[in-house]
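Residues per chain are reported as follows:
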Amino acid sequence: MALLPVLCYPDPRLHQVAKPVEAVDERIKKIVADMAETMYEAPGVGLAATQVNIHERIVVIDVSENQNELMVFINPELVWASAEKKFWREGCLSVPEFYDEVERPDQIRVKALDINGREFEIEADGLLSVCLQHEMDHLQGKVFVEYLSLLKRNRISLKMKKRLKELVGQR
Ligand code: NI
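Colleague: I'm lost on a nonpolar patch on the surface in this one. Help?
Modeller: A cluster of nonpolar side chains, contributed by Val45, Trp88 and Leu127, occupies part of the molecular surface with about 220 Å² of accessible area. On the secondary structure map, tryptophan 88 appears in strand β4 (residues 85-92).

Colleague: I tried to follow the coordination of the nickel ion on my own but got confused; where do I start?
Modeller: Four donors placed tetrahedrally about a metal ideally form angles of 109.5 degrees, and six donors placed octahedrally ideally form angles of 90 or 180 degrees. The protein atoms that coordinate the nickel ion are Cys92 (SG), His134 (NE2) and His138 (NE2), at distances spanning 2.1 to 2.2 Å. Here the donor residues of the nickel ion are spaced in sequence according to C-x41-H-x3-H. With a gap of 42 residues between them, cysteine 92 in strand β4 and histidine 134 in helix α2 (residues 126-139) connect regions that are remote in the sequence. Comparing cysteine 92 with histidine 134 shows no difference in burial state: the two are buried.

Colleague: Teacher, can you tell me more about the pairing of strand β3 (residues 71-81) here?
Modeller: A regular strand places its side chains so that they alternate between the two faces of the sheet. The sheet contact formed by strand β2 (residues 58-61) and β3 spans four bridges and is antiparallel. The residue of β3 that forms the bridge with valine 60 is valine 72. Direction of pairing for β3 relative to strand β6 (residues 108-113): antiparallel, over a ladder of five bridges. Its bridge partner lying in β6, leucine 78 is registered against valine 110.

Colleague: I tried to follow the pattern of salt bridges on my own but got confused; where do I start?
Modeller: Opposite charge on two side chains permits pairing when their charged atoms draw close. Going through the model one piece at a time under the given rule, you end up with 10 salt bridges. In this structure, glutamate 56 engages arginine 27 in a salt bridge whose closest nitrogen and oxygen atoms are separated by 2.9 Å. On the criterion of sequence distance, the pair formed by glutamate 56 in the loop between β1 (46-48) and β2 and arginine 27 in helix α1 (residues 26-41) is long-range, its members being 29 residues apart. Judged by relative accessible area, which is 44%, arginine 27 ranks as partly exposed. Among the ionic pairs, lysine 30 bridges to aspartate 34, the shortest N-O distance being 2.7 Å.

Colleague: Could you clarify how one ought to interpret unusual backbone geometry in this entry?
Modeller: Leaving glycine out, the prevailing phi sign among residues is negative, and the prevailing peptide bond configuration is trans. Tyrosine 9 connects to proline 10 through a cis peptide bond whose omega is 5°. Structurally, proline 10 can be placed in the segment before α1. In this structure, proline 43 follows alanine 42 across a cis peptide bond, with omega equal to -10°. With respect to the helices, strands and loops of the structure, proline 43 is situated in the loop between α1 and β1. Phi is positive for glutamine 67, close to 50°, though the residue is something other than glycine. You will see that glutamate 97, though not glycine, has its phi angle at about 60°, which is positive. Along the chain, glutamate 97 falls in strand β5 (residues 95-105).

Scoring rules and cut-offs
Residues numbered from 1 in each chain as written. Predicted model: local features only at pLDDT ≥ 70, side-chain atom pairs only at ≥ 80, totals over all residues. Heavy atoms only, no water. Patch = residues over 30% accessible without salt bridge, like charges linked within 9 Å, V, L, I, M, F, W, Y side chains within 5 Å. Areas by Shrake-Rupley, 256 points an atom, 1.4 Å probe, with all protein chains shown as cover. Salt bridge = Lys/Arg side-chain N within 4 Å of Asp/Glu carboxyl O. Helix = DSSP H or I, 4+ residues; strand = E, 2+ residues; numbered from the N terminus. Donors = N, O, S within 2.8 Å, 3.2 Å for Na, K, Ca; no water. Buried < 20%, exposed > 50% of the residue type's maximum accessible area, 1.4 Å probe, protein only. Pairing = 2+ DSSP bridges.

Next comes the structure, spelled out in structure tokens:
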């Protein structure tokens, strides 16, 4: 397994749309293992392949308290979303140290393939629902800050660019 570098907003590669996985083979399993390791190391509750510059529809999530219940979603598809919406404070490994409120459907149903290539469907609410929607957005090239006002987004972009410069300066 290997840790993968996570792209940081406003990197344009975060806006690339991921392609469906054609077959859940050894290559995909290796990507999933590396993504899980990267997510746990961060630590984070979810990671989309787009964030590690792999543009295929793969998401890993672990919303368990002890971070020991890995969920893998390959080619996830939203099949239903509740009309009721809720605000949730979100963060993202691609937008470090920034959190803000985003409104999303409260409950959803998602269809996907598991690590063995078998189709499954789950209904989610609470943190899992938010996390799944957030990660599926990544696969569409959308970062959560794009739900916020332009003013806020510009402020985040400036902050991230400054942070990047500082990191480069440290090398
Ligand atoms: Ni994210």
